[in-house]
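Here is what each chain is made of, one letter per residue.
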Amino acid sequence: MNAIELKSINKSYKTFEISDISFNIPTGSIVGLVGENGAGKSTLIKLIMNAISKDSGKIKVLGVENTTKDFLEIKQDVGVVLDEAYFPYTIDAKKLNSIMKATFN
């Protein structure tokens, strides 16, 4: 089984587009997504995690299509490390803890 499968993924914005992206990542692989700023790395990760909607194509994670209800359970087994936390600097550890608790309940 592949950990991630993308087939003919397309996503367009006014000034940017991802066009006809297809690849498979075999289970057990360690993979880095590398590219210039603005190349579409974050957009691709958001598409895989179904944080944004694709215009067309199919995405499967651990054998489950990412637009199904079953994917919500699969998400619990997926880790994503972003380069920034995107929290305001005014949030201390206690506040962050309560935010993260609410996120995963």
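Located above this text is the structure these notes cover.
This section reports on the structure supplied with the text.

Further remarks concern the overall build of the chain. Scanning the chain from terminus to terminus reveals 3 helices and 4 strands. Dimensions along the principal axes, computed over C-alpha positions, put the chain at roughly 45 × 35 × 25 Å. When the 105 residues of the chain are sorted by exposure, 20% land in the buried category. Here the chain carries 13 positive and 12 negative side-chain charges, and the mean point of each set is 6 Å from the other.

Before going further, it helps to examine the nonpolar core. Within the largest apolar cluster, 15 residues are counted, with the highest numbers of intra-cluster contacts made by Ile4, Leu6, Ile48, Ile59, Val61 and Phe71. Counting only elements with at least two residues in this core, the list comes to β1 (2-12), β2 (17-26), α1 (41-48), β3 (56-61) and α2 (70-74). The element that contributes the greatest number of residues to this core is β1, accounting for 4 residues. Here Leu6 is in contact with Ile21, Ser22, Phe23, Asn24, Leu44, Ile48, Lys58 and Ile59, once residues within four sequence places are set aside.

Next up on the list: the sheet that holds β3. Sheet strands pair by backbone hydrogen bonding; their relative direction is either parallel or antiparallel. Judged by pairing direction, the sheet is antiparallel, and its 4 strands sit side by side in the order β2-β1-β3-β4 without closing on themselves. Of all strands in the sheet, those with a lone pairing partner are β2 and β4 (64-65), marking the two edges. As judged from the 5 bridges shared by β1 and β3, these two strands associate in the antiparallel manner. Looking across to β3, one finds that Asn10 is bridged to Ser56. In the packing of α1 onto the sheet, contacts are made with β1, β2 and β3, and the angle to β1 comes to roughly 115 degrees.

Looking now at the pairing of β2. In this sheet, β2 lies alongside β1 in antiparallel orientation, the contact comprising 7 bridges. Bridge pairing links Ile9 to Ile21 in β2. Counting the residues that bridge the hairpin from β1 to β2 gives 4 residues.

Glancing now at α1. Side chains of residues three or four places apart in an α-helix project in the same direction, reflecting 3.6 residues per turn. Those residues of α1 lying buried are Thr43, Leu44, Leu47 and Ile48. End-on view of α1: buried residues confined to an arc of 135 degrees, all on one side of the axis. Packed against the buried residues of α1 are β1, β2, β3 and α2. Phi turns positive, to about 60 degrees, at Asn50, one or two residues after α1.

Right, let's get into the side chain of Lys11. Its place among the elements puts Lys11 in strand β1. Despite its burial, Lys11 pairs with no opposite charge; the closest candidate is Asp55, at 4.1 Å N-O. At a separation of 2.8 Å, a polar atom in the side chain of Lys11 contacts the main-chain carbonyl oxygen of Ser53. Excluding residues within four positions of it along the chain, Lys11 makes contact with Phe16, Glu17, Ile18, Thr43, Leu47, Ile52, Ser53, Lys54 and Asp55.

Criteria and cut-off values
Residues numbered from 1 in each chain as written. Predicted model: local features only at pLDDT ≥ 70, side-chain atom pairs only at ≥ 80, totals over all residues. Heavy atoms only, no water. Helix = DSSP H or I, 4+ residues; strand = E, 2+ residues; numbered from the N terminus. Buried < 20%, exposed > 50% of the residue type's maximum accessible area, 1.4 Å probe, protein only. Lys, Arg positive; Asp, Glu negative; His and termini not counted. Charge placed at Lys NZ, Arg CZ, Asp CG, Glu CD. Core = buried A, V, L, I, M, F, W, Y, C linked by side-chain atoms within 4.5 Å. Contact = heavy atoms within 4.5 Å. Pairing = 2+ DSSP bridges. Axes fitted to C-alpha atoms, helices over the stretch in contact; angles between N-to-C directions. Arc of directions from axis to C-beta. Salt bridge = Lys/Arg side-chain N within 4 Å of Asp/Glu carboxyl O. Polar contact = N/O pair within 3.5 Å; in protein donor to acceptor, adjacent residues only side chain to side chain.

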